[in-house]
Amino acid sequence: FIIIDLSSAEYYTTEQRRELVQKLCPRATSVGADGVIFVEYSNKLYWEYYNSDGTCVEMCGNGLRCVVQWALDNYNVNKEVDLEIENSYIKSTAIFDDDGFHVSMPYPIYRHKKLTVSSYVGDCYKVGVPHVVIGVDDELEFEDITLAGMHFIANAELTNTNMYYKVDDNTY
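It should be emphasised that the depicted structure is a prediction, and the values quoted were computed from it without experimental measurement. (Residues numbered from 1 in each chain as written. Predicted model: local features only at pLDDT ≥ 70, side-chain atom pairs only at ≥ 80, totals over all residues. Heavy atoms only, no water.)

Enquirer: Just checking my understanding: could you explain the overall build of the protein for this structure?
Expert: Secondary structure assignment for the protein yields 3 helices and 12 strands. Burial status across the protein gives 37% buried among its 172 residues. If you take every contact in the protein between residues at least 6 apart in sequence, the share linking residues at least 24 apart comes to 46%. (Helix = DSSP H or I, 4+ residues; strand = E, 2+ residues; numbered from the N terminus. Buried < 20%, exposed > 50% of the residue type's maximum accessible area, 1.4 Å probe, protein only. Contact = heavy atoms within 4.5 Å.)

Structural data, given as structure tokens:
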């Protein structure tokens, strides 16, 4: 991820952010990144996440972890960080232990619909952004779905695809 601190940088309009993201993210012709996170810190930590194609999304779990670490490295913040996400408000708690930190994520919301990916049917959830969760019989089926593509358009939303299979009674 590329993080741009708006606290000490020029303000960018939404369109300027999209254009900048599309210029910075291609790996073959630029810096290369999965996305760009625009951050602003005053008494709260405000952030917006843009995918590499320039779309602004409500949430990115890995991006959230990077933002918390960035804030800890660059600002004198408490161990509980308020995060404002565009069009919603999420309070995320950074929990510190000997291994580093963990952040709380939005609670998954079951969307009561199914989505077919290749020949597989998955359940749709919203965890900040839409996800489709697909159970497969074995590890080889991961490759089948991966070949079909990892992101799908579902009801005009970019959807993350997650797959799982049962290894034994205690492991998925």
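Enquirer: What's the story with the packing of aromatic side chains in this structure? I'm lost.
Expert: Here a ring pair, both rings aromatic, is described through the centre-centre distance and the interplanar angle of the planes. The final tally for this structure, using the stated rule, is 5 aromatic pairs. With 5.5 Å between their ring centres and 85 degrees between their planes, Phe38 and Tyr50 make a pair best called edge-to-face. Remark: Tyr50 occurs in strand 3 (residues 45–51) and Phe38 occurs in strand 2 (residues 35–41); sequence separation between them is 12 residues. Phe38 gets classed as buried once you look at its relative accessible area, which sits at 1%. The buried category is assigned to Tyr50, whose relative accessible area is 0%. Judged by centre distance (5.2 Å) and plane angle (55 degrees), the rings of Tyr110 and Tyr125 are tilted. Here the residue Tyr110 occupies a position in strand 8 (residues 109–117), and Tyr125 occupies one in strand 9 (residues 120–127), the gap between them amounting to 15 residues. On the basis of relative accessible area, Tyr125 is assigned to the partly exposed category, the value being 26%. (Phe/Tyr/Trp six-rings, centres within 6.5 Å; stacked < 30°, edge-to-face > 60°.)

Enquirer: Could you clarify how one ought to interpret the nonpolar core in this entry?
Expert: Within soluble globular proteins, side chains that are nonpolar generally end up buried alongside one another. By size, the foremost hydrophobic cluster in this structure holds 18 residues, and its most contacted members are Val39 and Trp47. Contributing elements (two or more residues each) for this core: strand 2, strand 3, helix 2 (61–74) and strand 7 (100–103). It is helix 2 that provides the largest number of residues to this core, a total of 5 residues. Judged by nonpolar contacts, the second largest core, of 10 residues, contains Leu6, Leu24, Cys25 and Tyr50. (Core = buried A, V, L, I, M, F, W, Y, C linked by side-chain atoms within 4.5 Å.)

Enquirer: What should I look at first to understand the pairing of strand 9 in this one?
Expert: Side-chain direction in a regular strand flips from residue to residue, so the side chains alternate between the two faces of the sheet. Relative to strand 10 (residues 129–135), strand 9 runs antiparallel, the two sharing 5 bridges. Bridge pairing in strand 10 places Val127 opposite Val129. Where strand 9 folds back onto strand 10 in an antiparallel hairpin, the turn is made up of 1 residue, including Gly128, whose phi is positive at roughly 85 degrees. (Pairing = 2+ DSSP bridges.)

Enquirer: Would you explain the pairing of strand 1 (residues 2–5) in this entry?
Expert: As paired strands, strand 1 and strand 2 are joined by 4 bridges and run parallel to one another. Within the sheet, the bridge partner assigned to Ile2 lies in strand 2 and is Val36. Between the parallel pair strand 1 and strand 2, the chain is carried across by helix 1 (residues 14–24), and the sense of this crossover is right-handed. (Right-handed = clockwise from strand over helix to strand, strands pointing away.)

Enquirer: Can you help me understand the pattern of salt bridges in this one?
Expert: Once the charged atoms of two side chains with opposite charge are near each other, the side chains can pair. Taken as a whole and assessed by the stated rule, the structure comprises 5 salt bridges. For Glu48, the salt bridge goes to Arg17, with nearest N and O atoms at 2.5 Å. Taken together, the residues Glu48 in strand 3 and Arg17 in helix 1 connect sequence positions 31 residues apart. As far as the burial class goes, Glu48 and Arg17 line up, both buried. Its salt-bridge partner being Arg27, residue Asp34 comes within 3.0 Å of it at the nearest N-O pair. Residue classification places Arg27 among the exposed positions, given a relative accessible area of 57%. (Salt bridge = Lys/Arg side-chain N within 4 Å of Asp/Glu carboxyl O.)

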